[in-house]
Amino acid sequence: MMFLVSVETFAQTPRALGQSDAVQLGLTQNATLKIAKLEEAKAAQRIAEAKGARLPEIGSAVGYSRYLQVMKFLFPAITLDMNSGQFVTEAGKFNVLNAGLRNVWSAGVNAQVSLFSPVVKNGIQQAEAARQLAGVQTETARQQLTAEIRKAYLGAVLAEEVATIRRQALDRAGASLGEARQLFRVGLATEADTLQAWVAGENLRPALEKAGAEAQAAHLVLRFLTGLPLDGPLALTDRLAETAPTALPDFQTAYDEALGHRPDLKGQALHGELARLQREGTAALRKPQLALTGAWQLTPQSNDFNFSRYFWPQQSFIGLTLNVPVYSGGRLNARVQQAEAARAQADQQTLQARRQVAVEVQNALVAAQDAHRRLGVQAGTIAAAERSLALVQS
């Protein structure tokens, strides 16, 4: 089964892929970036939701109730005194009257609009800050994905080059084995020499197999990051090329440039701004809120369902509602303190992020300097080897 799958895989036409093509595919198809963009879209809708609190809120309701027992009113019994001609009450006697009818219908429309609410204003500001933060997070994801794809592409190319070098070494070992056997046939080498050449070649096979496995793993990572099918073969079109090393900037220049191009630092600053707004929003809950309210209601009643004989009483009103917080059991104060702690936490995270950038820049400069030194040493070694080969061939 493994043999058939392997044959089918290699029978597929490899997809040609350059480094720039891989980056564009990833920016279009990668699921992580799509999730970040969807989060940004959600943040934009939260702004619309927060602004909607300024608009009138209108609702309607329709209901029906059947009273099995109607509320009663008790009135003192009143009679006319024929001698005096006046109405008098009879002690201990009452008249019982129904306070309503059995079928009660209701229909109404109510409306409310905020006239003054610091909470609504702060909610809009928080939503806008959250949208900016989501945009920064999307840009951070885009930059991280681009860097990961470039790194994966270079890693895959390097793994292919290593596999090629291992294969060439095995081919050279095979040629050496053929030469040793030829010398053995003419008596210029011993059997031990041929065995030694064969062992040297076989010792190279595990390294070649490992290099091939590493190349396959690197291709798999690249396909995952770019959103390509995980089982399709790739043909990487960009290759490693020798270029002149560029001059490295000093630490302060590199650090300032990193601070200007790192969206995650902007995100940390927005976290601090959002924490400040959340604290102000919590404090705004202590302030009065004023709203304009109104309603229209229709409440007919009857003991039957002959709607033609119904009386349709209507009522409507408009007014103001002032909500003044007085005491909340200390909950608001606790929430304010939590928001203040979150703001201080965001400030500390920003400082820590800047320190981390400084460490990353310093490490990158050290690694680049070391790479330049190793390139210089290897260039001298290659030149000496080429000179030696030329002398041997001459």
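Residues numbered from 1 in each chain as written. Predicted model: local features only at pLDDT ≥ 70, side-chain atom pairs only at ≥ 80, totals over all residues. Heavy atoms only, no water.

Chemist: Any chance you could break down the pattern of salt bridges for me, citing the residues and the numbers?
Modeler: Under the defined criterion, the tally for this structure stands at 16 salt bridges. Between Asp 264 and Arg 262 there is a salt bridge, with its nearest N and O atoms 2.9 Å apart. According to the relative accessible area criterion, Asp 264 is partly exposed, its value standing at 27%. A relative accessible area of 22% means that Arg 262 is categorised as partly exposed. The shortest N-O distance in the salt bridge between Glu 273 and Arg 276 comes to 2.4 Å. Pair noted here: Glu 273 and Arg 276 are both in helix α7 (residues 263–284), with a separation of three residues, about one helical turn. With relative accessibility at 30%, the residue Glu 273 sits in the partly exposed group. (Salt bridge = Lys/Arg side-chain N within 4 Å of Asp/Glu carboxyl O. Buried < 20%, exposed > 50% of the residue type's maximum accessible area, 1.4 Å probe, protein only. Helix = DSSP H or I, 4+ residues; strand = E, 2+ residues; numbered from the N terminus.)

Chemist: Give a detailed account of the pairing of strand β5 (residues 103–116), specifying residues and quantitative values.
Modeler: Taken together, the 10 bridges between strand β2 (residues 57–66) and β5 define a ladder with antiparallel strand orientation. Bridge pairing in β5 links Tyr 64 to Trp 105. Where β5 meets strand β8 (residues 301–302), two bridges bridge the pair, whose relative direction is antiparallel. Opposite Asn 103, over in β8, you have Ser 302 as the bridge partner. In this sheet, strand β7 (residues 289–298) lies alongside β5 in antiparallel orientation, the contact comprising nine bridges. Within β7, the residue paired with Ala 107 across the bridge is Leu 298. (Pairing = 2+ DSSP bridges.)

Chemist: Can you break down the nonpolar core residue by residue, with the values?
Modeler: Membership of the largest hydrophobic core comes to 21 residues, with the highest contact counts inside it found for Leu 17, Ala 22, Ile 149, Tyr 153, Leu 222, Leu 234 and Leu 236. Among the secondary structure elements, those contributing two or more residues to this core are α2 (19–29), α3 (31–51), α4 (118–185), α5 (191–226) and β6 (234–236). Sort the elements by how many residues they give to this core and α4 lands first, with eight residues. Not counting residues within four places of it along the chain, the set of residues in contact with Tyr 153 comprises Leu 17, Gly 18, Gln 19, Ala 22, Leu 222, Leu 236, Thr 237 and Asp 238. In terms of nonpolar packing, the next biggest core, distinct from the first, is built from 10 residues, Tyr 255, Ala 258, Leu 259 and Leu 365 among them. (Core = buried A, V, L, I, M, F, W, Y, C linked by side-chain atoms within 4.5 Å. Contact = heavy atoms within 4.5 Å.)

Chemist: I'd like to hear about the packing of aromatic side chains, residue by residue, with values.
Modeler: According to the stated counting rule, one finds six aromatic pairs in the structure shown. Residues Phe 251 and Tyr 255 carry aromatic rings whose centres are separated by 5.7 Å and whose planes lie at 10° to one another, so their mutual orientation is stacked. One end of the pair, Phe 251, and the other, Tyr 255, are both in helix α6 (residues 251–261), four residues apart, so they sit about a helical turn from each other. Given the relative accessible area of 30%, Phe 251 is considered partly exposed. Each member of the aromatic cluster is reached from another via a ring pair, and the members are Tyr 64, Trp 105, Phe 305, Phe 307, Tyr 310 and Trp 312. (Phe/Tyr/Trp six-rings, centres within 6.5 Å; stacked < 30°, edge-to-face > 60°.)

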